[in-house]
Amino acid sequence: MDRIELELYLNDMLDIGRFKDYCPNGLQVEGRRRVDKIATGVTASLAFLEAAREWGADAVLVHHGYFWRNESPQITGRKYRRIKTLMDADISLFAYHLPLDDHPEVGNNAQLGARLGLIGDARFGADGIGWMTTLPMPVTLAHFAAQVEQTLGRAPLLLGDADAELRRIAWCTGGAQGYFEAAIDAGADVYLTGEISEQITHIAAESGVAFLAAGHHATERYGVQALGSHLSERFDVEHLFIDIDNPV
């Protein structure tokens, strides 16, 4: 397909104009005009780019791209090596941050919820990016944590009483620990996200609301995969998800 057609389709599908984000969403580095092979991944690291180049990708599509707010604007060092890898291979880089978190079907939160068997019935937090659901029957925190571990392939860091019963579950993928208090205010019994900060321990203890940190990378692997699969089915392009392991 045509790169410009792909850019317009993605920008419209993900409604990028609705978000005040920390980085530009859409095409970040321009490559060849014809796109037949799209590699997807969580972060546009050098290892990911080299794997995409080896596979023969015409374009790469990620959740974490470049040009973040307040970062140095110089294209030197690591940034230079990454961008040079793209430009030498004539590969386009598409990156979608908050728009990919938010999308109701291929978004990170929608996809993580689906894998955990959770159907969101409410939103919370800035722009309503956080998701919530009420379980038909209560489960213990230990049971829910085990479900998260089995789904993601890693044990989450858990704060709370393992025997506590949960009915109202809130989640937001990635580095969304700052939404914990919004989840509490929205009535959550437990909040699941990727990362944790020091103050979260005290907020959990004082509120009685459980907290699970299951990994920034681990919780954000699914949206970009779903988006890549969607593009492959709609436009008959090849798609490969490349997972560069990250313990964080």
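The structure presented is a predicted model; accordingly, all values stated were derived computationally and were not measured.

Its place among the elements puts Arg-221 in the loop between α9 (216–219) and α10 (222–235). Since its relative accessible area comes to 14%, Arg-221 is described here as buried. There is a polar contact of 3.2 Å between the side chain of Arg-221 and the side chain of Tyr-222.

Another aspect to go through is the sheet that holds strand β2 (residues 37–43). Strand order in the open sheet made by the five strands is β1-β4-β3-β2-β11, with mixed pairing throughout. Strands at the two margins of the open sheet, each flanked by one partner only, are β1 (26–29) and β11 (238–241). Sheet twist, expressed as the mean angle between neighbouring strand axes with direction ignored, is 30°. In terms of strand pairing, β2 meets strand β3 (residues 59–64) through five bridges, oriented parallel. In the strand pairing of β3, Ile-38 is matched with Ala-59. Against the sheet, helix α2 (residues 46–55) makes contact with β2, β3 and β11, and its axis sits at roughly 165° relative to β2, the strand it touches most.

This part covers helix α6 (residues 141–152). Taking 1.5 Å per residue, 12 residues should reach 16 Å; α6 reaches 16 Å between its end C-alpha atoms and fits that length. Buried within α6 are the following residues: Leu-141, Phe-144, Ala-145, Val-148 and Leu-152. The arc enclosing the buried residues of α6, seen along the axis, measures out at 100°, which places them on a common side. Phi turns positive, to about 75°, at Gly-153, one or two residues after α6.

This paragraph deals with the pattern of salt bridges. Where side chains of opposite charge bring their charged atoms close, a pairing between them can arise. Applying the stated criterion across every chain, the model contains 11 salt bridges. Two residues, Arg-18 and Asp-15, come together in a salt bridge whose shortest N-O distance is 3.4 Å. Its salt-bridge partner being Asp-102, residue Arg-18 comes within 2.4 Å of it at the nearest N-O pair. Note that Arg-18 is positioned in the loop between α1 (3–13) and β1 and Asp-102 in helix α4 (residues 98–102), a separation of 84 residues in sequence. Residues joined in a network through salt bridges with shared partners are Asp-15, Arg-18, Asp-102 and Arg-123.

What follows covers the sheet that holds strand β5 (residues 122–124). The strand order across the open sheet formed by six strands is β5-β6-β8-β9-β10-β7, and the pairing between neighbours is mixed. Strands at the two margins of the open sheet, each flanked by one partner only, are β5 and β7 (157–159). This sheet shows a mean twist of 25° between the axes of neighbouring strands, independent of strand direction. Note: β7 against strand β10 (residues 210–213), three bridges, orientation antiparallel. When the bridges of β10 are listed, Leu-158 appears paired with Leu-212. Docked against the sheet, helix α5 (residues 108–115) engages β6 (130–140), β8 (165–171) and β9 (190–193), running at close to 150° with respect to β8.

How each quantity is defined
Residue numbers here run from 1 along each chain, matching the order of that chain's written sequence. Local features in this predicted model are restricted to residues whose pLDDT is 70 or higher, and side-chain atom pairs enter the listing and the counts only when it is 80 or higher, whereas totals over whole chains, interfaces and linings include all residues. Water and hydrogen atoms were dropped before computing side-chain values, which therefore reflect all heavy atoms in the structure. Every helix listed is a DSSP run of H or I at least four residues long, and every strand listed is a run of E at least two residues long, numbered separately from the N terminus. To sort residues, take the accessible area from a 1.4 Å probe on protein chains only and compare it with the maximum for the residue type: under 20% means buried, over 50% means exposed, and anything in between is partly exposed. Polar contacts here mean pairs of N or O atoms no more than 3.5 Å apart (in protein, one a potential hydrogen donor and the other a potential acceptor; neighbouring residues in sequence count only if both atoms are side-chain atoms). DSSP calls a pair of strands paired once it identifies at least 2 bridges connecting them. Between the N-to-C directions of two axes lies an angle of 0 to 180 degrees, each axis being a line fitted to C-alpha atoms and, for a helix, fitted only over the stretch in contact. Note on contacts: a residue pair qualifies if any of its non-hydrogen atoms lie within 4.5 Å across the two residues. The span expected for a helix works out to 1.5 Å for each residue beyond the first. Summarising the geometry, the arc corresponds to the directions from the helix axis toward the C-beta atoms. Each salt bridge in this description consists of a side-chain nitrogen of Lys or Arg and a carboxyl oxygen of Asp or Glu lying within 4 Å of one another.

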